[in-house]
Amino acid sequence: MLSNVKIPELSNPSVYMKNPKRVQEILQSMVKAGSNTVQRLSCISVLSLYHLHVFLFADILDNSKLISEDCKEKLKELLNIYYPIEIDSSRSIEEKLPLMVEWWTRAHELLVQQEIRKDLLATAVQESNAMLRDGYQLFFNHLHEHSIPLLIFSAGIGDILEEVILQAGVFHSNVKVFSNYMDFDESGVLRAFKGELIHIYNKREGALLNTGHFQELRTRPNVLLMGDSLGDLTMADGVQDMENIVKIGFLNDKVEERKQSYLDSYDIVLVEDETLKVPNAILRYLTGNK
């Protein structure tokens, strides 16, 4: 428990902190600066009950028969090959990087071969089991109410991700998604993916340098970052003149093997927590809503 920062949720047994005193100091400094200096960075896998990699997007599409059984099996094979590499704490990021690029590139090529129709994506999401974490409405609505930008970085598929948030009724004006977007031809059929590939190790705010959003964010040097992999820690790399950052890590897989590396990297580690209770409590504290 942080003595001067009254956030009871941080006393939960699922909450771990290597340096609670440092977390207290950062939160107090952010409160003093005011919520108008805060921005929220998150990877979408943290906002979902599921790890929203390509394989979940494939499941969403498959529910509406937009991809073949053969394609689904091949995507699962890629998952079985590359996901253990992604979460292997004994491998360096430099070693993983080309393999992650290989994973997403091969997955995208499989999806393009399916000639997916744009007009059926909404139905595919509607009929799927995709859902956001418990507490998502408070999370999105509170950020919107206080005009705090929410930047969501995903190595998945932006078209489907946006549809999930839209159907949940929380795609507010302060939400911006950075992901891999489908490129449809004039008849609405998937032919390619747009722009540079976004994968687990390049989901960073530096991508905002060439967008209008970056100018607004220059006045927000205080950051709340949420991620569920060590690669997500790069999301704030492009924030200029950053004053304070609180990094919240969700650890859901191979907990004992990975816990120490998460404690060394994140300020707050949430172990097997499928809710947004702790982030929402911190958000209420920072905005003065006790």
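Just above, that's the structure.
In this text, all values refer to a predicted model and were calculated from it rather than measured experimentally.

1. Let's talk about the packing of aromatic side chains
Here's step 1: Evaluated as defined, the whole model comprises five aromatic pairs.
Here's step 2: A centroid spacing of 4.5 Å and a plane angle of 10° characterise the contact between Trp103 and Trp104, whose relative ring orientation is stacked.
Here's step 3: For Trp103, a relative accessible area of 2% puts it in the buried group.
Here's step 4: Taking relative accessible area as the criterion, Trp104 reaches 0% and is therefore assigned buried.
Here's step 5: One aromatic cluster is present, built from ring pairs that chain together Tyr82, Trp103 and Trp104.
Here's step 6: In this arrangement the basic side chain of Lys176 is found over the ring face of Phe178, its NZ or CZ atom lying 5.7 Å from the centre.

2. As for the side chain of Lys259
Here's step 1: On the secondary structure map, Lys259 appears in helix α10 (residues 255-265).
Here's step 2: Its relative accessible area of 16% is what places Lys259 among the buried residues.
Here's step 3: Discounting chain neighbours no more than four positions away, the residues touching Lys259 are Tyr16 and Leu251.

3. Concerning unusual backbone geometry
Here's step 1: Backbone geometry places Lys254, a non-glycine residue, at a positive phi of 50°.
Here's step 2: Backbone geometry at Glu272 places phi at a positive 50°, although glycine is not the residue there.
Here's step 3: Mapped onto the secondary structure, Glu272 falls in the loop between β9 (268-271) and α11 (277-286).

4. Side note on the nonpolar core
Here's step 1: In this structure, Leu27, Leu111, Phe140, Met182, Ile268 and Ile282 are the most contacted members of the largest nonpolar core, which totals 70 residues.
Here's step 2: Here this core takes seven residues from helix α4 (residues 69-86), the largest share from any one element.
Here's step 3: In contact with Ile268, not counting residues within four places along its chain, are Leu10, Val15, Tyr16, Met17, Val23, Val246, Lys247, Ile248, Gly249 and Ile282.
Here's step 4: Leu225, Leu251, Val255 and Val269 belong to the second largest nonpolar core, which has 14 residues in total.

5. Some thoughts on the pattern of salt bridges
Any two side chains of opposite charge can pair if their charged atoms end up close together.
Here's step 1: For the structure shown, the criterion picks out 12 salt bridges.
Here's step 2: The salt bridge involving Lys74 is made with Asp70; its shortest N-O contact spans 3.2 Å. Taken as a pair, Lys74 and Asp70 lie in helix α4 at a separation of four residues, close to a single helical turn.
Here's step 3: With relative accessibility at 36%, the residue Lys74 sits in the partly exposed group.
Here's step 4: Its relative accessible area of 47% is what places Asp70 among the partly exposed residues.

6. Remarks on helix α1 (residues 20-33)
Here's step 1: The end-to-end C-alpha distance of α1, which contains 14 residues, comes to 20 Å, matching closely the 20 Å that a straight helix rising 1.5 Å per residue would cover.
Here's step 2: Residues of α1 that are buried include every one of Val23, Gln24, Ile26, Leu27 and Met30, and no others. One side of α1 holds all its buried residues, which, seen down the axis, span an arc of 165°. When the buried face of α1 is taken as reference, the exposed residues oriented beyond 90 degrees from it are Lys21 and Lys32.
Here's step 3: Of the residues flanking the end of α1, it is Gly34, one or two places downstream, whose phi is positive at about 100°.

What counts, and at which threshold
- Residues numbered from 1 in each chain as written.
- Predicted model: local features only at pLDDT ≥ 70, side-chain atom pairs only at ≥ 80, totals over all residues.
- Heavy atoms only, no water.
- Phe/Tyr/Trp six-rings, centres within 6.5 Å; stacked < 30°, edge-to-face > 60°.
- Buried < 20%, exposed > 50% of the residue type's maximum accessible area, 1.4 Å probe, protein only.
- Lys NZ or Arg CZ within 6 Å of the ring centre and 35° of its normal.
- Helix = DSSP H or I, 4+ residues; strand = E, 2+ residues; numbered from the N terminus.
- Contact = heavy atoms within 4.5 Å.
- Core = buried A, V, L, I, M, F, W, Y, C linked by side-chain atoms within 4.5 Å.
- Salt bridge = Lys/Arg side-chain N within 4 Å of Asp/Glu carboxyl O.
- Expected span 1.5 Å × (residues − 1).
- Arc of directions from axis to C-beta.

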